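Chain residues, written in single-letter form:
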Amino acid sequence: MPSDAIPLFDGLSLDAWEGADAWTVSDGVATVGGGAIRTKQAFGDCQLHVEFRTPSPATGSGQGRGNSGVFLMGLYEIQVLDSFEDGTAGPLTYPDGQCGALYKQRPPMVNACRPPGQWQSYDILFTRPRFAEDGSQEQSGRVSVLQNGISIHADTEILGPTAWHRPPQPMAHADALPIMIQDHGNPVQFRSIWIRPLEPLVPTETPRPVFEQ
Ligand code: MG
């Protein structure tokens, strides 16, 4: 973990989260149970690292197979699912619902999934949408994601909050909101989770001289 990162789960406790009473923590691993959890602290632009594994042996199918999710600002889901394809089965679910999808908006560029039971990582760079005072959107949110070190989103535009039942549309919200991890009824597990807030720096440097050509 970088020295300037805020630990959200260090393997010992989920104290950084609300709603975690029914989750279990043992042997450095947190297991989903009893509802979604939300960070006590609110975040906007950030670098977020999350390690997860889907249940092994795998059970269920489609969206019922190792489903969880990392919701940036509690609104924008990077899907967690068992989407490991071993060559013996067809597609496990719809493209923009698979693991690593910006759910119902954009599939991952490649399937970078490891088998169920193996630890995987997301390294997420997130830029939140910007809204004008009247609530109109001035700038879309953007997200880049490495799954297990492999780029699956490179500056993907976020069209609006995650919705499963209608097309996404922009919705004005605060500049910082809690991160949420979904309980979709499957005992997905997490370990190291950390975040680096990345709100743009206010330039303080003296402008450099301009050299004539
Ligand atoms: Mg999900």
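Preceding block: the structure.
Each chain has its residues counted from 1, running along the sequence as written. It should be noted that, the model being predicted, local features are given only for residues of pLDDT at least 70 and side-chain atom pairs only at 80 or more, the latter also being counted only at that level, while totals for whole chains, interfaces and linings use all residues. Values reported for side chains reflect all heavy atoms of the structure, with hydrogen atoms and water molecules removed beforehand.

Visitor: When you look at the coordination of the magnesium ion in this model, what are you seeing that I'm missing?
Guide: Ideal geometry at a metal centre gives angles of 109.5 degrees when four donors are arranged tetrahedrally and 90 or 180 degrees when six donors are arranged octahedrally. For Na, K and Ca the donor cutoff is 3.2 Å, while for all other metals N, O and S atoms count as donors only within 2.8 Å; water does not appear among the atoms, so some sites may look incomplete. For the magnesium ion, the full set of protein donor atoms is Asn-67 (OD1), Ser-68 (O), Glu-77 (OE), Gln-79 (OE1) and Gln-182 (OE1), at a range of 2.2 to 2.3 Å. All donors of the magnesium ion come from a single chain, and their spacing in sequence reads N-S-x8-E-x1-Q-x102-Q. Taken together, the residues span a long stretch of sequence, with Glu-77 in strand S8 (residues 76-80) and Gln-182 in the loop between strand S14 (180-181) and strand S15 (189-197) at a distance of 105 residues. Among the residues examined, Glu-77 registers a relative accessible area of 3% and is labelled buried. On the basis of relative accessibility, which here comes to 14%, the residue Gln-182 falls in the buried class. The secondary structure listing takes helices from DSSP runs of H or I that are at least 4 residues long and strands from runs of E that are at least 2 residues long, numbered from the N terminus. Classification of residues uses two cut-offs on accessible area relative to the type maximum, computed with a 1.4 Å probe and protein chains only: under 20% is buried, over 50% is exposed, and between them is partly exposed.

Visitor: I keep staring at the sheet that holds strand S5 (residues 37-39) and nothing clicks. Help me out?
Guide: The pairing of strands in a sheet comes from backbone hydrogen bonds and takes either a parallel or an antiparallel form. DSSP-based pairing: two strands are paired if at least 2 bridges between them are found. With antiparallel pairing, the five strands of this open sheet are ordered in space as S2-S5-S14-S7-S8. What marks the edges here is a single partner per strand, and that holds for strand S2 (17-18) and S8. Pairing analysis gives two bridges linking S5 to S14, with the strands arranged antiparallel. Within S14, the position partnered with Arg-38 by the bridge is Met-180.

Visitor: Is there a simple way to explain the side chain of Thr-93 in this structure?
Guide: Following the sequence through the fold, Thr-93 ends up in the loop between S8 and strand S9 (120-127). On the basis of relative accessible area, Thr-93 is assigned to the buried category, the value being 18%. Whenever a nitrogen or oxygen atom comes within 3.5 Å of another N or O atom, the pair is scored as a polar contact, on the condition that within protein one atom can donate a hydrogen and the other can accept it, and that pairs from neighbouring residues in sequence are kept only if both atoms are in side chains. A distance of 2.9 Å separates a polar atom in the side chain of Thr-93 from a polar atom in the side chain of Gln-63. What makes two residues a contact is simply this: any of their non-hydrogen atoms within 4.5 Å. In this structure Thr-93 touches Gly-62, Gln-63, Leu-81 and Gln-98, once residues within four positions along its chain are discounted.

Visitor: Quick question: what am I supposed to make of the packing of aromatic side chains here?
Guide: By convention here, two paired aromatic rings are described through the distance between centres and the angle between planes. Side-chain rings of Phe, Tyr and Trp, where Trp is taken by its six-membered ring, are said to pair if the distance between their centres is within 6.5 Å; with planes under 30 degrees apart they count as stacked, over 60 as edge-to-face, and otherwise as tilted. Applying the stated criterion across every chain, the model contains four aromatic pairs. Taking the centre distance of 6.1 Å and the plane angle of 40 degrees together, the rings of Tyr-76 and Phe-126 count as tilted. Of the two residues, Tyr-76 is situated in strand S8 and Phe-126 in strand S9; the sequence distance between them amounts to 50 residues. Pair check on accessibility: Tyr-76 and Phe-126 agree, each one buried.

Visitor: I'm lost on the pairing of strand S6 (residues 46-53) in this one. Help?
Guide: Each regular strand shows side chains that alternate between the opposite faces of the sheet. Across the eight residues of S6, seven count as buried, placing the element largely inside the fold. In this structure, S6 lies alongside S9, joined through seven bridges in antiparallel fashion. Its bridge partner being in S9, Gln-47 is matched across the sheet by Leu-125. Where S6 meets S15, eight bridges bridge the pair, whose relative direction is antiparallel. Directly across from His-49, in S15, lies its bridge partner Trp-194.

Visitor: Before we go on, may I ask you to explain the environment of Gly-74 in this structure?
Guide: With respect to the secondary-structure elements, Gly-74 resides in the loop between strand S7 (68-72) and S8. Assessed through its relative accessible area of 26%, Gly-74 is described here as partly exposed. Residues Gly-74 and Trp-164, spaced 90 residues apart in sequence, show a C-alpha to C-alpha distance of 15 Å. Leave out the neighbours within four places in its chain, and Gly-74 touches Pro-178, Ile-179 and Met-180.

Visitor: Just to check I follow, could you spell out empty space enclosed by the protein for this structure?
Guide: Gaps left between atoms are located by rolling a probe of water-molecule size over the structure's atoms. Of the two site types, the cavity is a set of points on a 1 Å grid over the protein atoms alone where a 1.4 Å probe fits but cannot get out, and the pocket is an open set with protein on both sides within 12 Å along at least five of seven lines, each lined by residues with an atom within 4 Å of a point. Grid points are joined across faces, edges and corners, and a volume is the space filled by probe spheres set on the points. Taken as a whole and assessed by the stated rule, the structure comprises one cavity of 30 Å³ or more. Computed from the structure, the largest cavity encloses a volume of approximately 50 Å³. Lining the largest cavity, in full, are Thr-54, Pro-55, Ala-58, Thr-59, Gly-64, Arg-65, Gly-66, Asp-82, Asn-186 and Pro-187. Taken together, the residues of the lining of the largest cavity sort by class into three nonpolar, five polar and two charged. Residue classes follow a fixed rule: Ala, Val, Leu, Ile, Met, Phe, Trp, Tyr, Cys and Pro count as nonpolar, while Asp, Glu, Lys and Arg count as charged, and any other residue, Gly among them, counts as polar.

Visitor: Looking at this model, I keep getting lost on the pattern of salt bridges. Mind explaining?
Guide: When the charged atoms of two side chains lie near each other, side chains of opposite charge can form a pair. A pair is scored as a salt bridge if a Lys or Arg side-chain nitrogen falls within 4 Å of a carboxyl oxygen belonging to Asp or Glu. Applying the stated criterion across every chain, the model contains seven salt bridges. The salt bridge involving Arg-128 is made with Asp-45; its shortest N-O contact spans 4.0 Å. Of the two residues, Arg-128 is situated in the loop between S9 and strand S10 (130-131) and Asp-45 in the loop between S5 and S6; the sequence distance between them amounts to 83 residues. In this structure Arg-128 comes out as buried when scored by relative accessible area, which is 8%.

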